[in-house]
Structures are given as C-alpha cells and as structure tokens.
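# Chain and residue survey
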Amino acid sequence: MDGGIRIRSRETLSENWFRLEKVTFDQRRADGSQQTLEREVYHNGPGATVLPLDPERGTVLLVRQLRIPALVNGDGPMLVEACAGMVEEGDDPAQTVRQEAEQEMGCRLHALRKVLELYPSPGASAEKLHLFLARYTPADRTGHGGGLAGEGEQIEVLEMPLSQAWAMVESGEIIDAKTVILLQHARLAQAGL
Ligand SMILES: Nc1nc2c(ncn2[C@@H]2O[C@H](COP(=O)(O)OP(=O)(O)O[C@H]3O[C@H](CO)[C@@H](O)[C@H](O)[C@@H]3O)[C@@H](O)[C@H]2O)c(=O)[nH]1
Ligand SMILES: [Mg+2]
C-alpha cells in the first residue's frame, strides 16, 4: 500500500499515437474501509514549452496552429499558444524547447529559465509539462519556423507586445492553459515581482 493505494493491475487499452492505460487499484478510505476502483490514464507526455520575450521592445513570440481537440470541442480549429513540443525519451526539456523554438518559430533562445513543472490535466493525463521563459532579439529570428511539413504542421509565428497577448487572454482569444500561465509569469517578471 502506497498512501493507502495498492495497484492491482495495469492494462493497455489502446496504443496508437499515445498509450491509454486502465489502472485498477484498491483504496483504503479514512474510515478504514476499502474499495476497488478503476482509472484511465492517457500517456501524452512529457512536454516542454517556452515563451520568448524581447525585454527591449516588450514583445513575445507565440504560434498559431491546428488543434483537433479544440475543434471537436467546438472551439478552434486554430489555437494561439506558446511554442511547445513533446520531450523525446532521454532528452532534456531545455534541449526540447531550444529545438522546438528553431523548428516552429525559427528563433534562437537566450537566458532560458525554467519557471514551473506542472500537470495540465492530472485527472486523466500523465503529461508533465516543463515551462520556460527565454529572451530573444530580432537578430535571433534567423528562420521562418513553421514546423515539420512532413508531419502536417503549418505553424504561423506571431510577434506582439506582451500587453496585446494578455488582452487576447482576457478576450478569450488565447485559451491554452500553458500559454496563459507563461504570459502571467512574464507580466510578473516585467513588473519585477
Ligand atoms: N500521426 C499522428 N500524429 C500526431 C498525433 N498527435 C500529434 N501528432 C503529431 O505529433 C507532432 C507533435 O508535435 P510537438 O511540437 O512535439 O508537440 P505539440 O503537439 O506541440 O504538443 C506539445 O503541446 C501539447 C499541448 O500543450 C502538449 O500536450 C504536448 O505535451 C507538447 O508539449 C505534431 O507534428 C503532430 O501533428 C496523432 O494522434 N497521430
Ligand atoms: Mg509543437
């Protein structure tokens, strides 16, 4: 028993792009009774994301891309987000965001700084997300970005003042959690908090 929990079995229900697992476990309740429960876990992670900020001009870089989960929910199909990518096995999240920033935004990063690690959706997803802030200047924008066409990516790069990005959060145009959190962090950092 680990914290009153004992795993009975773990079964893979589906393994196509990501793996969906069913975990059956015993839970000991506060009153000493025991119950057997099942929970499904989607292994769509880990991931890493970065918000590059140019402190001289007060601008940030974001990406706009197709997100089918938002589409099937009746939002989207395009979401404005911080650049992000899956951390491949054996990779370091900092290395992942440097690669993704080149691939998706054509941008080199400086002063990369980890701000948080979090679970965006712990009730259903095992994804752990590593969040970074970074600095860039116009001279660091050496490529077009766009992502990997062979994998279907068509990523548009957006540069705007941090104040405008925050206005898009308030208007509901930016609805991606990691992006809202990073923009809030950037605002706090700008305010010296
Ligand atoms: N064939 C196939 N390809 C997929 C599928 N799901 C994603 N892909 C492709 O896999 C690639 C993933 O690109 P990344 O840049 O590595 O990841 P991401 O989609 O930006 O995801 C990041 O952000 C997500 C949302 O916040 C995070 O959930 C994720 O962990 C990661 O950080 C993209 O080319 C995408 O089209 C799928 O079900 N089938
Ligand atoms: Mg990506």
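Residues numbered from 1 in each chain as written. Chains lettered and ligands numbered in written order. Predicted model: local features only at pLDDT ≥ 70, side-chain atom pairs only at ≥ 80, totals over all residues. Heavy atoms only, no water.

### Focus on the coordination of the magnesium ion (ligand 2)
The coordination sphere of the magnesium ion (ligand 2) contains the protein donors A84 (O) and E104 (OE), at a distance range of 2.1 to 2.2 Å. Of this pair, A84 sits in strand β7 (residues 83-86) while E104 sits in helix α2 (residues 93-105), placing them 20 residues apart in sequence. Comparing A84 with E104, the two get one shared label, buried. (Donors = N, O, S within 2.8 Å, 3.2 Å for Na, K, Ca; no water. Helix = DSSP H or I, 4+ residues; strand = E, 2+ residues; numbered from the N terminus. Buried < 20%, exposed > 50% of the residue type's maximum accessible area, 1.4 Å probe, protein only.)

### Remarks on the packing of aromatic side chains
Taken as a whole and assessed by the stated rule, the structure comprises two aromatic pairs. With 5.6 Å between their ring centres and 85° between their planes, F18 and Y42 make a pair best called edge-to-face. Here Y42 lies in strand β3 (residues 34-43) and F18 lies in the loop between β1 (5-15) and β2 (19-28), a separation of 24 residues in the sequence. Through pairs of rings, three or more aromatic residues link up here, namely W17, F18 and Y42. (Phe/Tyr/Trp six-rings, centres within 6.5 Å; stacked < 30°, edge-to-face > 60°.)

### Some remarks on the domain arrangement of the chain
When the domains of the chain are assigned, the result is domain 1 (5-43) and domain 2 (46-191). Here domain 1 and domain 2 have C-alpha centroids that lie 32 Å from each other. Contact with domain 1, which involves six residues of that partner, is made by six residues of domain 2. Contact between domain 1 and domain 2 buries roughly 350 Å² in total, counting both sides, with carbon and sulfur atoms accounting for 59%. (Domains from an automatic or database assignment. Contact = heavy atoms within 4.5 Å. Buried area = accessible area lost by both parts, 1.4 Å probe.)

### Details of the nonpolar core
In terms of nonpolar packing, the biggest core is built from 21 residues, with L51, V60, L62, M160, I174, L182 and L183 touching the most fellow members. The set of elements that each furnish at least two residues to this core consists of β4 (47-54), β5 (59-66), β9 (129-135), β10 (156-161), α3 (162-170) and α4 (177-190). Broken down by element, this core gets its largest block of residues, five residues, from α3. Sequence-distant contacts of I174, that is, excluding residues within four places in its chain, are made with L62, V80, A165, M168, V169, T179, V180 and L183. Among the nonpolar cores identified, the runner-up in size contains 16 residues, and A48, V50, V63 and C107 belong to it. (Core = buried A, V, L, I, M, F, W, Y, C linked by side-chain atoms within 4.5 Å.)

### Points about the sheet that holds β3
By definition, the strands of a sheet pair up through backbone hydrogen bonds, in either a parallel or an antiparallel sense. Judged by pairing direction, the sheet is antiparallel, and its three strands sit side by side in the order β1-β2-β3 without closing on themselves. The sheet terminates laterally at β1 and β3, the two strands that pair on one side only. Across the sheet, the axes of successive neighbouring strands diverge by a mean angle of 20°, strand direction being ignored. As defined by bridge partners, β1 adjoins β2 across nine bridges and the pair is classed as antiparallel. (Pairing = 2+ DSSP bridges. Axes fitted to C-alpha atoms, helices over the stretch in contact; angles between N-to-C directions.)

### As for the UniProt feature "binding site: Mg(2+) 2" (unreviewed entry) in the chain
UniProt's entry tags E100 and E104 with the feature "binding site: Mg(2+) 2" (unreviewed entry), counted in the numbering of this structure. In this structure, E100 sits in helix α2. Excluding its chain neighbours within four sequence positions, the residues that come into contact with E100 are C83, A84, G85 and M105. Filtering out sequence-adjacent residues up to four positions away, E104 remains in contact with V63, C83, A84, G145, G146, G147, E153, I155 and V157. (UniProt positions renumbered as here; feature names shortened; annotations may be inferred.)

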